[in-house]
Amino acid sequence: MHSYQIILIALFVYLGSIGSIVGNTIGWYTLGRPLVAAFVVGIIMGDVQTAILIGIALQIMYMGNVTPGGAVAWDLSYATYIGTAGALVFGKGLDVAQIIGLAVVFAGIGGLVGQIMWNISYALNLPLNRVANKYAEAGETKKMFIPNLVLGQLIGFLCRFIPAVIVLTSMTAASAQGDFATLIPAWVTTALGVFGGMMAALGMGIIISFLFKKKYHVVIFLAGFILVTYFNQSTMAVAVLAIIISILYYVIMTSLEAKKGEVL
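Worth saying up front: this structure is predicted, and the values here are computed from it rather than measured. (Residues numbered from 1 in each chain as written. Predicted model: local features only at pLDDT ≥ 70, side-chain atom pairs only at ≥ 80, totals over all residues. Heavy atoms only, no water.)

J.: Mind showing me how you'd approach the nonpolar core here?
T.: General note: in soluble globular proteins, nonpolar side chains tend to be found buried as a group. Core analysis: the largest hydrophobic core is formed by 45 residues, its most contacted members being Met1, Ile9, Met45, Tyr81, Ala85, Leu168 and Met171. Put simply, the parts of the chain that give this core at least two residues each are α1 (3-15), α2 (23-31), α3 (34-45), α4 (48-62), α5 (76-90), α6 (96-137) and α7 (145-175). With 10 residues, α5 is the single largest residue contributor to this core. Non-local contacts of Met45, meaning those with residues more than four positions away in its chain, are made with Met1, Gln5, Ile9, Ala85, Leu88 and Val89. (Core = buried A, V, L, I, M, F, W, Y, C linked by side-chain atoms within 4.5 Å. Buried < 20%, exposed > 50% of the residue type's maximum accessible area, 1.4 Å probe, protein only. Helix = DSSP H or I, 4+ residues; strand = E, 2+ residues; numbered from the N terminus. Contact = heavy atoms within 4.5 Å.)

J.: Which parts of the structure should I look at to understand the packing of α3 against α5?
T.: Two numbers describe how α3 lies on α5: the axes approach to 9 Å, and their chain directions differ by 40°. As judged from the angle between their axes, α3 and α5 are oblique. Taken as a pair, α3 and α5 cross one another with a handedness that is right-handed. Between α3 and α5, the contacting residues are Pro34, Ala37, Ala38, Val40, Val41 and Met45 on the first element and Leu76, Thr80, Tyr81, Thr84, Ala85, Leu88 and Val89 on the second. (Axes fitted to C-alpha atoms, helices over the stretch in contact; angles between N-to-C directions. Parallel < 35°, antiparallel > 145°, perpendicular 65-115°, else oblique. Left-handed = near helix turned anticlockwise from the far one by under 90°.)

J.: Just checking my understanding: could you explain α7 for this structure?
T.: Taking 1.5 Å per residue as the helical rise, α7 with its 31 residues ought to reach 45 Å, and the 43 Å between its terminal C-alpha atoms agrees with that figure. The largest bend along α7 reaches roughly 30° and is located at Leu151. (Expected span 1.5 Å × (residues − 1). Bend = angle between axes of the 7 residues up to and from the residue.)

J.: When you look at a nonpolar patch on the surface in this model, what are you seeing that I'm missing?
T.: On the surface, a cluster of nonpolar side chains totalling about 1,000 Å² of accessible area is made up of Tyr216, Ile220, Met236, Val240, Ile244, Leu248, Tyr249, Ile252, Met253 and Leu256. In terms of residues, the nonpolar patch owes the most to one element, helix α11 (residues 235-263), which gives eight residues. Of note, Tyr249 is situated in helix α11. (Patch = residues over 30% accessible without salt bridge, like charges linked within 9 Å, V, L, I, M, F, W, Y side chains within 5 Å. Areas by Shrake-Rupley, 256 points an atom, 1.4 Å probe, with all protein chains shown as cover. Salt bridge = Lys/Arg side-chain N within 4 Å of Asp/Glu carboxyl O.)

J.: I keep staring at α5 and nothing clicks. Help me out?
T.: Residues separated by three or four positions in an α-helix point in the same direction, a consequence of the helix having 3.6 residues per turn. Taking 1.5 Å as the rise per residue, α5 with 15 residues should run 21 Å; its terminal C-alpha atoms sit 21 Å apart, in good agreement. Taking burial as the measure, the 15 residues of α5 include 15 buried ones, the bulk of the element.

J.: Would you explain the side chain of Ser121 in this entry?
T.: As for its placement among the helices and strands, Ser121 is situated in helix α6. When sequence neighbours within four positions are dropped, the list of residues in contact with Ser121 reads Ile155 and Cys159.

Right, dumping it as structure tokens:
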């Protein structure tokens, strides 16, 4: 990666975090989403197609990621930006499944670094409460933006931008040592491919476990799966068919309930 690419990706690691200068809606819930993050990294590194394939897999894996009460078990912004960048840097010469496996590995590294820096930023923000209290006690309300906005954002930026630059620079230096695809044994690349596919399947399984409220929902899912996989129907066609069936089911059930009410 070039220096400007490292700086831009590190900047988006910060912008895609909770409480960044662009806010949670644009930041955490938009720029911090894996598919969006992969698209941004793809534009910066000039390989949007591969980046989107990585982003789809990471999006499925991390779709169930939540932050209850502000507790961050895995820093999504760090994980996805660094995971995608690492896969694009080291994945030259590998197939898609193996690249996704690499992305998972680097996402784990990025997520762990992000989690550590998140806790550090929490600790560094504690003294800001005292600064804010002093301004409040003195009635200097116009200065309240200093601890809340200026110092808070400065801490967040330093805890995300600088570590991201260090990690990305280290990856770039390591990639310059040789062609990664030729340095590792074939069994490792095969394992990465299997691992990448397994993690995507695991993520999809977790999502499905949340969506299925009743046992017969499994039958509906399998019907759609069979139509797409074995009958070569597009997902859009299956989705439209599902909508039609849902509407008919609703109309029929509503009609039956109405007739049942008349009889009673």
